[in-house]
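# Structure assessment
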Amino acid sequence: MAKALDVREVQVERGKRRVLQQISFAVEYGELVALIGPNGAGKTTLLETIAGFHSFAGEILLQEKPLRLLSPRQRAPLIAYVPQISRLDAPMAAIDVVRQGRFCFRNGFGGLSPSDEAAVQRALVATDTARFADRPYTELSYGERRRVVLARALATEARLIVLDEPSSSLDIGQSLALFDTLRTLASQGHAVVLVLHHLGEALRFTDRALLLHQGRRVALGRTAEVVCDNVIGPVYGVKLLADGHGFHALPRAIS
Amino acid sequence: MALAAGVVVGHGSLADPGLRDTLLRLRAARVAAAFLTGAALACSGAVVQALFRNPLVDPSILGSTAGASLGGQAVLLALHFLPGWLPHLVPELAVPLGCLGGALVALFIVLAVTEHRQSMLIVLLTGFTLSSLFLSTGGFLLSLGQESWEVGRALVSFSLGGLGGIEVQQLLLAFPLIVAGILAARFWSGPLDLLLTGEDEARSLGLDVKEARRWCVVWVGFMTAAAVSLGGNIGFVGLIIPHAMRPFVGVLNRHVVVVVAIAGGTFVVLCDLLSRALPSRSEIPIGVITGLIGAPVFLLLLYRSGRELHRG
Ligand SMILES: Nc1ncnc2c1ncn2[C@@H]1O[C@H](COP(=O)(O)OP(=O)(O)OP(=O)(O)O)[C@@H](O)[C@H]1O
Ligand SMILES: [Mg+2]
């Protein structure tokens, strides 16, 4: 089956430090893959590399096409990237932020076609941001801003979506809505890769999980098989206690 | 309205029917030159501010204004001391070409730096250093020029900026450059709007950041060269006009570049009007007027946006 994303033996250096080593994994259309690991494990770096920010050794295929050979304009319709923190800090209307997602489809002086505008509207609805579409981005709350940036990514309608901690700073209602949206997208054939710190969310909402530690792949498999005490425990230095409703983490020393 | 006033106001009476035609023609050329200069400076100001994601820069920060100025001065000097050197060029064309050459040299250096260093800080510092270098060299030329009173005066008035004595050839040369520059700014305003979200994110949304930066710098070079060749070094227009307009038109460059060109043109026409209308033995150089208005206005704008700047 065709792969949405194929990462082979990828190695990344930032500054003089090797931040990722020998990372290989593939993502298929229709699945939600969680990227988990402690702070500094290299999760953000991995997503940024897939989104084309860093030079790397190895090979990355986006929808079967080598990432290295794609120009920014060719790459943008293939992959939508939602950063951990957007650098956007301009008082432009939220809807104009979402319209940025259609940039790669514009031509010449940059008017959007009706089908572009339709994609923008769908993204606004999917993220429940239509209500404040006309308000300046910088006057929105942090959670609202994150949803606007998510809407911008969805507006690209790329079939591969990578998100860096999308649920942090969302309230519980909005988090549930987010995972609902992502699941719907997956069922429509999109591939979704997302960094999650909340292991409960990973267990509940994702199909597979990739665990990173110190730049290396420690585990890859069904989320329930990765998020369990004997795998997670040593990496995070905690003891996971599962009960009927979920699990708790305790400092390892206590156990 | 400003344009009409510009044609009517000034030394010399319109009552004399013999002089009237000539005077009107001269003043019309002058108003056109003022408008074009202001439009080009303000528009390049807006582009540079978007490009460097910094509201406190203007074309002079890339060294292109100083470069154009130096190029023009060098040609003025060469025309005087080496009259046989540029035999095929009339002075009206030689000076603008000197400006263009100077601006492009400055931009070429800045671009070369941009290609190899990603850091904007380094680019800005390069522009700054180039500016100082060009200004000092200009000062050096000026002291050379003092040997002849006439040339010294021409150099001083050129470096202060002045719209007097504009020739139609100069207008014909600058007009297409400036119009093309403004259209290009409008064309690149979409990418500039995308850059508001930072280079990495803009790239992930499909922008070839290097290409956009290269073209914007080239067009800014053309516009500043054309502006300097018309009006000399007129300060503050590129800085305050975009600042003053953004509260009304928002931050989206596709609106800003057009509005700012019109506002900048009008502003310089009015300043030129002032420079002719104020009682004084000779005309007050327009660069002095824009400086006198621009500096306090800029301080005021800075003070008012202090809170935002603090945050950003
Ligand atoms: N610009 C940089 N230059 C050098 N090293 C960096 C840079 N950015 C990050 N690193 C290093 O790379 C490693 C991985 O960082 P990364 O941001 O990918 O971690 P992460 O898994 O996303 O962490 P978090 O959970 O805190 O977001 C860290 O050790 C970090 O110190
Ligand atoms: Mg991270």
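Attention in this report is confined to the structure presented alongside it.

Calculation notes
Residues numbered from 1 in each chain as written. Chains lettered and ligands numbered in written order. Predicted model: local features only at pLDDT ≥ 70, side-chain atom pairs only at ≥ 80, totals over all residues. Heavy atoms only, no water. Helix = DSSP H or I, 4+ residues; strand = E, 2+ residues; numbered from the N terminus. Buried < 20%, exposed > 50% of the residue type's maximum accessible area, 1.4 Å probe, protein only. Areas by Shrake-Rupley, 256 points an atom, 1.4 Å probe, with all protein chains shown as cover. Contact = heavy atoms within 4.5 Å. Buried area = accessible area lost by both parts, 1.4 Å probe. Salt bridge = Lys/Arg side-chain N within 4 Å of Asp/Glu carboxyl O. Polar contact = N/O pair within 3.5 Å; in protein donor to acceptor, adjacent residues only side chain to side chain. Pairing = 2+ DSSP bridges. Donors = N, O, S within 2.8 Å, 3.2 Å for Na, K, Ca; no water. Core = buried A, V, L, I, M, F, W, Y, C linked by side-chain atoms within 4.5 Å. Axes fitted to C-alpha atoms, helices over the stretch in contact; angles between N-to-C directions. Expected span 1.5 Å × (residues − 1). Bend = angle between axes of the 7 residues up to and from the residue. Phe/Tyr/Trp six-rings, centres within 6.5 Å; stacked < 30°, edge-to-face > 60°. Parallel < 35°, antiparallel > 145°, perpendicular 65-115°, else oblique. Left-handed = near helix turned anticlockwise from the far one by under 90°. Nonpolar A, V, L, I, M, F, W, Y, C, P; charged D, E, K, R; others polar. 1 Å grid on protein atoms, 1.4 Å probe; cavity = no way out; pocket = protein on both sides within 12 Å on 5 of 7 lines; lining within 4 Å. Points joined across faces, edges and corners; volume = space filled by probe spheres on them. Near = heavy atom within 4 Å.

### Overview of the overall build of chain B
- Broken down by element type, chain B carries 14 helices and zero strands.
- Within chain B, the fraction of its 312 residues that count as buried is 50%.
- Of the roughly 14200 Å² that chain B leaves accessible, carbon and sulfur atoms contribute 70%.

### A few points about the interface of chain B and chain A
- Counting residues at the interface gives 23 residues for chain B, matched by 26 residues for chain A.
- The largest share of the area that chain B buries against chain A comes from E201, S204 and L205 of chain B, three residues that together contribute 26% of it.
- Our count for the contact surface shared by chain B and chain A stands at one salt bridge.
- Applying the counting rule to chain B against chain A returns five residue pairs in polar contact (both at pLDDT 80 or more).
- Of all the secondary structure elements, the ones that give two or more residues to the side of chain B that touches chain A are α7 (168–187), α8 (189–195) and α9 (199–204) of chain B.

### Some words on the pattern of salt bridges
Residues and elements named next belong to chain A.
- As enumerated under the stated definition, the model contains 20 salt bridges over all chains in all.
- Measuring nitrogen to oxygen at the nearest pair gives 3.9 Å for the salt bridge that ties E59 to R68.
- On the basis of relative accessible area, E59 is assigned to the partly exposed category, the value being 27%.
- Salt bridges sharing common partners tie together R102, D116, R122 and E157.

### What to know about the pairing of strand β3 (residues 32–36) of chain A
Residues and elements named next belong to chain A.
- Across the five residues that make up β3, a large majority, five, are buried.
- What you see with β3 is no split at all: L32, A34 and I36 on one side and V33 and L35 on the other are buried throughout.
- Bridge analysis of β3 against strand β8 (residues 191–195) gives four bridges, and the strand direction is parallel. The residue bridging A34 from the neighbouring strand is L194, located in β8.
- Pairing of β3 with strand β9 (residues 208–213) involves four bridges; the strand directions are parallel. Bridge pairing in β9 places V33 opposite R208.

### So, the coordination of the magnesium ion (ligand 2)
All names here are of chain A.
- Protein coordination at the magnesium ion (ligand 2): the donors are T44 (OG1) and Q84 (OE1), at 1.9 to 2.5 Å from the metal. One end of the pair, T44, is in helix α1 (residues 43–50); the other, Q84, is in the loop between β6 (79–82) and α3 (94–99), and 40 residues separate them in sequence.
- Residue T44 is classed as partly exposed on the basis of its relative accessible area of 22%.
- Judged by relative accessible area, Q84 falls into the partly exposed class, the value being 30%.

### Topic: the nonpolar core
- Core analysis: the largest hydrophobic core is formed by 75 residues, its most contacted members being F52, L62, L207, L230, V237 and I241 of chain B.
- If you tally residues by element for this core, the top one is helix α2 (residues 17–51) of chain B, at 15 residues.

### Some words on the sheet that holds β8 of chain A
Residues and elements named next belong to chain A.
- One open sheet accounts for six strands, arranged β6-β7-β8-β3-β9-β10; its pairing is mixed. Looking along the sheet, the strands with just one partner apiece sit at the ends: β6 and β10 (216–222). Pairwise comparison of adjacent strand axes, ignoring direction, gives a mean angle of 15° for this sheet.
- Strand direction decides the pairing type here: β9 and β10, joined by six bridges, are antiparallel.

### Points about α7 of chain B
Residues and elements named next belong to chain B.
- An ideal rise of 1.5 Å per residue puts 28 Å on 20 residues; α7 measures up with 29 Å between its terminal C-alpha atoms.
- Along its length, α7 reaches its greatest deviation from straightness, about 25°, at A174, and the proline P176 lies no more than four positions downstream.
- Among the residues making up α7, those that are buried are Q170, L171, A174, I178, G181, A184 and A185.

### A short note on the packing of aromatic side chains
- Following the criterion strictly, the structure yields four aromatic pairs over all chains and no others.
- With 5.1 Å between their ring centres and 75° between their planes, F53 of chain A and Y81 of chain A make a pair best called edge-to-face. Taken together, the residues span a long stretch of sequence, with F53 of chain A in the loop between α1 and β4 (57–62) and Y81 of chain A in strand β6 at a distance of 28 residues. Each member of the pair F53 of chain A and Y81 of chain A is classed as buried.
- Ring centres of F187 of chain B and W188 of chain B lie 5.5 Å apart, and the angle between their planes is 80°; on these two criteria the pair is classed as edge-to-face.

### A few points about the packing of helix α4 (residues 114–126) of chain A against helix α5 (residues 142–155) of chain A
Residues and elements named next belong to chain A.
- Interhelical geometry of α4 versus α5 gives an angle of 140° and a closest axis separation of 8 Å. Judged by the inter-axis angle, α4 sits oblique to α5. Considering how the two elements wind past one another, α4 and α5 form a crossing that is right-handed. Only A151, L154 and A155 of α5 make contact with α4, whose side of the interface consists of A119, V120, A123 and A126.
- When grouped by side-chain class, the residues that make up the contact of α4 with α5 number seven nonpolar, no polar and no charged.

### Some points on empty space enclosed by the protein
- Taken as a whole, this structure holds three cavities of 30 Å³ or more when the rule is applied.
- There is about 60 Å³ of room inside the largest cavity.
- Forming the walls of the largest cavity are I79, A80, Y81, V149, R152, A153 and T156 of chain A together with S204 and L205 of chain B.
- Elements that contribute at least two residues to the lining of the largest cavity include exactly β6 and α5 of chain A.
- Considered class by class, the residues forming the lining of the largest cavity number six nonpolar, two polar and one charged.
- Around the second largest cavity, the lining residues are V47, G181, A184, A185, W188, L192, C216, W219, V220 and M223 of chain B.
- Listing elements by their share of the lining of the second largest cavity, those giving two or more residues are α7 and α10 (209–231) of chain B.
- When residues in the lining of the second largest cavity are grouped by element, the largest group, four residues, is from α10 of chain B.
- Classifying every residue of the lining of the second largest cavity by side-chain character gives nine nonpolar, one polar and no charged.

### Comments concerning the site of ligand 1
Residues and elements named next belong to chain A.
- With respect to spatial proximity, 14 residues lie near ligand 1, and among them G40, K43, T44, T45 and H197 are the closest.
- T45 places a polar side-chain atom, nitrogen or oxygen, 2.6 Å from an oxygen atom of ligand 1.
- Within the complex, the protein chains bury 67% of what would otherwise be the 640 Å² of accessible surface of ligand 1.
- Listed by contribution, the elements that provide at least two residues to the shell around ligand 1 are β2 (17–28) and α1.
- Considering each element in turn, the shell around ligand 1 owes the most residues, three residues, to α1.
- In terms of residue class, the shell around ligand 1 is built from three nonpolar, seven polar and four charged.

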